[in-house]
Amino acid sequence: MSRRIRLRATELDSWQWSTPDDALSLLHPDVADRLTALRSNQPSAVYVQQQ
């Protein structure tokens with residue numbers, strides 16, 4: 001199994017390193033919601049149902 005992420009040139013316009021807090025505004029809202037739930041300090045599996 002490869003340990004690299006491979007993208008076609010057309011799949012990536014730019015990239016940047018980001019802190020988790022800054023990433024929330026850059027991510028798709030559904031992914032940002034999951035990340036926020038994950039970081040809530042409640043030890044559990046993360047499942048966020050769309051409303």
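The structure we're discussing is the one just above.
Residues numbered from 1 in each chain as written. Predicted model: local features only at pLDDT ≥ 70, side-chain atom pairs only at ≥ 80, totals over all residues. Heavy atoms only, no water.

Peer 1: Can you walk me through the pattern of salt bridges in this structure?
Peer 2: A side chain of one charge can pair with a side chain of the opposite charge when the charged atoms of the two come close. Per the counting criterion, the structure on display carries two salt bridges. The salt bridge involving Glu11 is made with Arg8; its shortest N-O contact spans 3.8 Å. Classification of Glu11 as partly exposed rests on a relative accessible area of 44%. You can call Arg8 exposed: its relative accessible area is 60%. Residue Arg39 pairs with Asp21 through a salt bridge whose shortest N-O separation is 2.9 Å. Within this pair, whereas Arg39 is found in the segment after helix 2 (29–38), its partner Asp21 is found in helix 1 (residues 20–26), the two being separated by 18 residues in sequence. You can call Arg39 partly exposed: its relative accessible area is 40%. (Salt bridge = Lys/Arg side-chain N within 4 Å of Asp/Glu carboxyl O. Buried < 20%, exposed > 50% of the residue type's maximum accessible area, 1.4 Å probe, protein only. Helix = DSSP H or I, 4+ residues; strand = E, 2+ residues; numbered from the N terminus.)

Peer 1: How should the environment of Leu24 be read in this particular structure?
Peer 2: With respect to the helices and strands, the residue Leu24 is situated in helix 1. Sequence separation between Leu24 and Arg34 is 10 residues; the distance between their C-alpha atoms is 9.9 Å.

Peer 1: Can you walk me through a nonpolar patch on the surface in this structure?
Peer 2: On the surface, Ile5, Leu7, Leu12, Trp15 and Trp17 cluster together to form a nonpolar patch covering roughly 730 Å² of accessible area. One can find Ile5 in the segment before helix 1. By relative accessible area, Ile5 is classed as exposed at 79%. (Patch = residues over 30% accessible without salt bridge, like charges linked within 9 Å, V, L, I, M, F, W, Y side chains within 5 Å. Areas by Shrake-Rupley, 256 points an atom, 1.4 Å probe, with all protein chains shown as cover.)

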